[in-house]
Amino acid sequence: MSQTKEQKLADIQKKMTMVAVIDFPGTLLMAAGLYGIFAGFNIATLPMLDNTNVQYVMVAIGGVTMMWGMVKMMQLAKLKQQIMSEDL
């Protein structure tokens, strides 16, 4: 069974949305880690966030997640472009 061009594009768009949703926590981790490294949290309720090792781990996990999201988005964008230019 063959999918139409519109169905393929809709499927790719759904996958792109899911990648963006999965990538969002990585962005937050990266931002919070960088904020902690450069500005410092100084929060009495969450002293764990003031630990530099925790901040570096947050940056590392956030960076890996963001890199995965970027690679996946580039692959999906390339596939989307190929599908759009099929019948030209």
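Below or above, wherever it landed, is the structure these notes cover. (Residues numbered from 1 in each chain as written. Predicted model: local features only at pLDDT ≥ 70, side-chain atom pairs only at ≥ 80, totals over all residues. Heavy atoms only, no water.)

Brief notes about the nonpolar core
Among the nonpolar cores identified, the biggest contains 5 residues, and these are I12, M16, V19, L76 and I83. Looking at which element gives the most residues to this core, the answer is helix α1 (residues 5–38), with 3 residues. Setting aside residues up to four positions removed in sequence, L76 forms contacts with I12, K15, M16 and V19. (Core = buried A, V, L, I, M, F, W, Y, C linked by side-chain atoms within 4.5 Å. Buried < 20%, exposed > 50% of the residue type's maximum accessible area, 1.4 Å probe, protein only. Helix = DSSP H or I, 4+ residues; strand = E, 2+ residues; numbered from the N terminus. Contact = heavy atoms within 4.5 Å.)

Topic: α1
For α1, with 34 residues, the first-to-last C-alpha span of 48 Å sits near the 50 Å given by 1.5 Å per residue. Its maximal kink placed at D23, α1 deviates by approximately 30°, while the proline P25 follows within four residues. Residues of α1 that are buried include every one of I12, M16, V19, D23, G26, M30, G33 and G36, and no others. Buried positions along α1 lie against α2 (52–84). Immediately downstream of α1, the backbone of G40 shows phi near 85°, a positive value. (Expected span 1.5 Å × (residues − 1). Bend = angle between axes of the 7 residues up to and from the residue.)

Observations concerning the environment of V59
For V59, the position within the fold is in helix α2. Residue classification places V59 among the buried positions, given a relative accessible area of 18%. As for V59 and M30, which are separated by 29 residues in sequence, their C-alpha atoms are 4.5 Å apart. Sequence-distant contacts of V59, that is, excluding residues within four places in its chain, are made with L29, M30, G33, L34 and I37.

Some thoughts on the packing of α1 against α2
Packing of α1 against α2 leaves a shortest axis separation of 7 Å and a crossing angle of 160°. By the angle between their axes, α1 is roughly antiparallel relative to α2. Both α1 and α2 take part in a crossing whose hand is left-handed. (Axes fitted to C-alpha atoms, helices over the stretch in contact; angles between N-to-C directions. Parallel < 35°, antiparallel > 145°, perpendicular 65-115°, else oblique. Left-handed = near helix turned anticlockwise from the far one by under 90°.)

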